[in-house]
Amino acid sequence: SLVEKYLGKWAKADVPKNTYETPKMPATTKVSLVDRANAVQSVIGIAYPVELPMGNEDVIKASVANLILGGSSTGRLFMNLREGHGYTYGAYSSITPDKLVGSFAAYTSVRNIVTDSSITEIISEMKKIRNDKVSEAELQKAKNYLAGSFIRGLEKPETVARYAINIARYNLPKDYYKNYLKNLNAVTIEDVQMVAKKYIKPNNANILIVGNAQEIAKNLVKFSVSGKIDYYDIYGEKFDPNLKKVPEGVTV
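Just so it is clear, the model here is predicted, and its values are computed rather than measured.

Asker: So what exactly am I meant to see when it comes to the overall build of the chain here?
Answerer: Within the chain, the secondary structure is distributed over nine helices and seven strands. Whereas a compact globule of 252 residues would reach a radius of gyration of roughly 18 Å, the chain reaches 23 Å, over 25% beyond that. C-alpha atoms of the chain, sized along the principal axes, occupy 75 × 70 × 30 Å. Counting every position in the chain, which comprises 252 residues, the buried fraction comes to 41%. The contacts of the chain with a sequence gap of at least 6 include a subset with a gap of at least 24, amounting to 77%.

Here it is as structure tokens:
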């Protein structure tokens, strides 16, 4: 009765339906900079979309490859940028499957003066895991970590419920999670290199930096194939830093 009282007179209308193009990774690496004039650190993200549907046979293999690259504090990115160079408190990566479009991302925050050096090291690690096979020790450590995380997660009822929802939502095989550990254990060194070549694309990435343009911009151009940087303000609006705004009140 309350619904009829307050909503009963609503007139039916057409609900707008928006459609969006599926994001694609850039043909060549692009550099975008959000200028924060007072920033003493740069926030770095190297990212792009990937075609990796939920339940794809590459998902588990990609999770192993990502863990080795930067999925935890034992990953190569962390060990390189923090332990090796002291550029940051932490550096990580992710390869995320999705029903519509997946994504790869590597990210960290560093001092202004080592912004370009940090990007160089991230890209170097992305190339290394593509070109060189990981060690047996790295592979086994990654599989042990993922297996332990999976088993611990089963202690929580909400995790079991989420797995059940995933099976229904993404049309996964009914035994997807029952076979998870078996499929994880079957991942080989060759599998890791295969998915790395397939999903880790240092030459097709969006490099996004939020930082002090005056201090860091000149050293970022080298990462852009086009030789230019796209500038954005803090609201995500593109702008040309060479164009000066006329002060309010000044007439022709």
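Asker: Quick question: what am I supposed to make of the sheet that holds strand β3 (residues 91-96) here?
Answerer: For sheets, the rule is that strands pair by backbone hydrogen bonds, running either parallel or antiparallel. Read across the open sheet, the seven strands follow the order β3-β4-β2-β5-β1-β6-β7; overall the sheet is mixed. Edge positions in the sheet fall to β3 and β7 (238-239), since each of these pairs with one other strand and no more. Here β3 pairs with strand β4 (residues 102-111) via six bridges, running antiparallel. Residue Y92 lies in a different strand from β4, and its bridge partner there is Y107. Against the sheet, helix α3 (residues 76-84) contacts β3 and β4, and its axis sits at roughly 160° relative to β3.

Asker: I tried to follow helix α2 (residues 58-69) on my own but got confused; where do I start?
Answerer: Since the α-helix turns once every 3.6 residues, residues separated by three or four places project in the same direction. Given a rise of 1.5 Å per residue, 12 residues ought to cover 16 Å, and the 16 Å separating the end C-alpha atoms of α2 matches this to within 8%. Of all the 12 residues making up α2, 11 are buried; the element is thus mostly covered by neighbouring parts of the structure. For α2, the set of buried residues is D58, V59, I60, K61, A62, V64, A65, N66, L67, I68 and L69.

Asker: When you look at unusual backbone geometry in this model, what are you seeing that I'm missing?
Answerer: In terms of backbone geometry, most residues other than glycine have negative phi values and most peptide bonds are trans. The backbone phi angle of N171 is positive, close to 55°, even though this residue is not glycine. Relative to the assigned elements, N171 resides in the loop between α6 (157-169) and α7 (180-185). Judged by relative accessible area, which is 70%, N171 ranks as exposed.

About the criteria used
Residues numbered from 1 in each chain as written. Predicted model: local features only at pLDDT ≥ 70, side-chain atom pairs only at ≥ 80, totals over all residues. Heavy atoms only, no water. Helix = DSSP H or I, 4+ residues; strand = E, 2+ residues; numbered from the N terminus. Rg over C-alpha atoms; globule rule 2.2 N^0.38 Å. Buried < 20%, exposed > 50% of the residue type's maximum accessible area, 1.4 Å probe, protein only. Contact = heavy atoms within 4.5 Å. Pairing = 2+ DSSP bridges. Axes fitted to C-alpha atoms, helices over the stretch in contact; angles between N-to-C directions. Expected span 1.5 Å × (residues − 1).

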